[in-house]
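Now for the letters of each chain:
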Amino acid sequence: MLKNIVWTIAGSDCTGGAGIQADIKTIHNLGSEACSVITAVTAQNIQGVHEINAVSDDVLISQLKALSEDKRPSAIKIGMLANKRQVLLVSDFLANAKQNWQVSPYVVYDPVAIASSGGELTEEDILPTIKQKLLPLIDLLTPNANEVQRVTGVYLIGWSSLKEAAIELIKMGVGAVVIKGGHIDIVDHACVDYCTDGANDYWLSSERIESEHSHGSGCTFASSMAALIGQGYLLRDAFILSKAYINQGIKGASQYEGIYGPIWQGQWPNNITDFPQVLTNDAPSAQQVDWQDDSKPSDVFESGFASVDTDKLGLYPVVDSVAWIERLLKAGVKTIQLRDKIHQGQELENEISQAVALGKHYQARVFINDYWQLAIKHGAYGVHLGQEDLEDADLQAIKQAGLRLGVSTHGHYEMVKIMQYKPSYLAVGAIFPTQTKDMTGQIQGVETLSQLCQLNQSIPMVAIGGITLERAQSVAATGVGCIAVVTALTQAENPEANVAAFEKVLACH
Ligand SMILES: Cc1ncc(COP(=O)(O)OP(=O)(O)O)c(N)n1
Ligand SMILES: Cc1nc(C(=O)O)sc1CCOP(=O)(O)O
Ligand SMILES: [Mg+2]
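The shown structure was predicted, so the numbers you read here are calculated from the model rather than taken from an experiment.

Undergrad: Is there a simple way to explain helix α19 (residues 495-507) in this structure?
TA: Helical geometry note: an α-helix holds 3.6 residues per turn, so side chains three or four residues apart project in the same direction. Helix length check: α19, at 13 residues, gives a terminal C-alpha distance of 18 Å against a target of 18 Å (1.5 Å per residue), a fit within 8%. For α19, the full list of buried residues reads P495, N498, V499, F502, V505 and L506. Summarising the axial view, the buried residues of α19 lie within an arc of 130°, below the 170-degree limit, and thus occupy one face. Opposite the buried face of α19, at more than 90 degrees from it, the exposed residues are K504 and A507. Looking at the buried residues of α19, the elements they touch are β11 (314-319), α10 (322-330), α17 (469-476), β18 (482-485) and α18 (487-490).

See the structure below:
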């Protein structure tokens, strides 16, 4: 299989802990192919940076040229640029690549203005040139607190100042920003990281890990972002995965002796304890860091939603009428959803009450999509809500009525966010492209589904989106335990035969 190629344009760190060495280990360990363009050879150790030997213009250009010929990347990570000439050369190169390459590379820049060990990494003040020439070509900038302050002049003294600084950076031309929380001291027990593309904001909070061994964490984070976005992960998913990678790396580094050791560039992060919390209004994690002045604790986080009494919900048809519910319950289905996007008013209410009655008759789990008030009124087994639906729903009312809650998620970020609510099940989609709903840009594939199943071992999982009988085996092999389908049954020649065939596949796992 062809690997996704990621370049790192950065300086060599002879200790191996940061710079190009950290980048290559990260990119490789996360499953991409790493190519390197060395800008400088540094001599450094735990005492600091002793020497910087910038490569000549010719040496820099010849590396870029050679790689351009047969190793074009999906993403490029830029770290240390040693002088103004290098900033100009790399900017010219990127401008040309973005304009003329068939596939424009996604460019991540970690503005290593100041080495973590304290020594300056540049020969002169290159900031004005960076702002003028390089930043407008950057898709994602990953500064720490010092770098944010140096570039924007905004001091990070409260959570809203991170937003303020990010807006300044986006005005300078970058596509998206992650402000890393490692050196932000608004709270001392947690590390809060912020990501925005100007339209969407993502906030993560991790318990601060007391360790002296974080050398190379900035390089590792930026390389991880480049590798994951190059592999097709959404910004928010690359963000949470990269943060988990750093947490794993800092914990793994504690085995080193001495001071200021390097972070560990480990394997794919698949331990949920390494993942940060997603900050949402009213969540306990947000209160712990005083995230919002006006947020108030919500009881909904205190306990989980009613259980579905099994960790494997089996085949889960999602249908739009009572007629389909009756037909499929007769065929032996035990979990089903009424997803009625047509009826309104009394007709809709009649559909819901009949669906609930059928569920009771056949002793099956009937979930009602979207209409949580009617589901409560008619005593449904459960409710299914999407991300946007959650914003308007009264979750406490659903919980108090004893209804189960299923929630749609699309990737790592949303799954970790929703796990805080302890729903009755978590749906992941769309696994494959589907004609039933526009899921552009949110196709997960079985590999991601598998990662998500490994991460969440506490809440039953459901896979949905483009799943056919032919694809069912690969989906069930992830350990998901439940397959939700629309067209694989509603457009089948023999839906009853397909029910039996899906159940057979699921029973083998
Ligand atoms: C099992 C299951 N998974 C996902 C969905 C989609 O829910 P949502 O995102 O709210 O979109 P709509 O179905 O309301 O269009 C679902 N219904 N069921
Ligand atoms: C309703 C729905 N929700 C999805 C999600 O990913 O949240 S995918 C989807 C459509 C599923 O239909 P089919 O089985 O025909 O592909
Ligand atoms: Mg919905």
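Now that the structure is up, let's keep going.
Undergrad: Help me understand the coordination of the magnesium ion (ligand 3) in this model?
TA: Perfect tetrahedral coordination of a metal by four donors corresponds to 109.5 degrees between them, and perfect octahedral coordination by six donors corresponds to 90 or 180 degrees. Donor atoms from the polypeptide that coordinate the magnesium ion (ligand 3) comprise D370 (OD) and D389 (OD), at 2.1 to 2.2 Å from the metal. Residue D370 is found in the loop between β13 (365-369) and α12 (372-377), and its partner D389 is found in helix α13 (residues 387-392); the two are separated by 19 residues along the sequence. The exposure class assigned to D389 is partly exposed, which follows from its relative accessible area of 26%.

Undergrad: When you look at the sheet that holds strand β4 (residues 75-78) in this model, what are you seeing that I'm missing?
TA: Each strand in a sheet pairs with another by means of backbone hydrogen bonds, the pair being arranged parallel or else antiparallel. If you walk across this open sheet you meet the ten strands as β3-β2-β1-β4-β5-β6-β7-β8-β9-β10, and the pairing is mixed. Looking along the sheet, the strands with just one partner apiece sit at the ends: β3 (48-54) and β10 (277-278). Pairing of β4 with strand β5 (residues 106-109), which is carried by four bridges, proceeds in the parallel orientation. In the sheet register, I76 faces β5, and the bridge partner there is V107.

Undergrad: Honestly, the UniProt feature "binding site: Mg(2+)" (unreviewed entry) in the protein in this entry has me stumped. Any pointers?
TA: Mapped onto this numbering, the UniProt entry gives "binding site: Mg(2+)" (unreviewed entry) at D370 and D389. A maximum C-alpha distance of 6.7 Å places the annotated residues, which cover 20 residues in sequence, within one compact spot.

Undergrad: Whenever I open this one, the nonpolar core confuses me. Can you help?
TA: General note: in soluble globular proteins, nonpolar side chains tend to be found buried as a group. Among the nonpolar cores identified, the biggest contains 98 residues, and M225, I368, L385, L395, I467, V475 and F502 are the most heavily contacted of them. At nine residues, helix α8 (residues 235-253) tops the list of elements feeding residues into this core. Residues lining this core come from more than one domain, with at least three contributed by each of domain 1 (5-255 + 265-289) and domain 2 (314-508). If we ignore the near neighbours within four places in the chain, the residues touching V475 are I431, F432, V446, L449, A463, I467, V480 and I483. I9, Y194, W203 and W291 belong to the second-largest nonpolar core, a separate cluster that totals 52 residues.

Undergrad: For this particular structure, what's the right way to read the site of ligand 2?
TA: Surveying the vicinity of ligand 2 reveals 14 residues, the closest of which are T434, T436, G466, V486 and T487. Measuring from an oxygen atom of ligand 2, one finds a side-chain N or O atom of H410 at 3.0 Å. Here an oxygen atom of ligand 2 and a backbone polar atom of V486 are 2.9 Å apart. In the shell around ligand 2, the residues fall into five nonpolar, seven polar and two charged.

Calculation rules
Residues numbered from 1 in each chain as written. Chains lettered and ligands numbered in written order. Predicted model: local features only at pLDDT ≥ 70, side-chain atom pairs only at ≥ 80, totals over all residues. Heavy atoms only, no water. Helix = DSSP H or I, 4+ residues; strand = E, 2+ residues; numbered from the N terminus. Expected span 1.5 Å × (residues − 1). Buried < 20%, exposed > 50% of the residue type's maximum accessible area, 1.4 Å probe, protein only. Arc of directions from axis to C-beta. Contact = heavy atoms within 4.5 Å. Donors = N, O, S within 2.8 Å, 3.2 Å for Na, K, Ca; no water. Pairing = 2+ DSSP bridges. UniProt positions renumbered as here; feature names shortened; annotations may be inferred. Core = buried A, V, L, I, M, F, W, Y, C linked by side-chain atoms within 4.5 Å. Domains from an automatic or database assignment. Near = heavy atom within 4 Å. Polar contact = N/O pair within 3.5 Å; in protein donor to acceptor, adjacent residues only side chain to side chain. Nonpolar A, V, L, I, M, F, W, Y, C, P; charged D, E, K, R; others polar.

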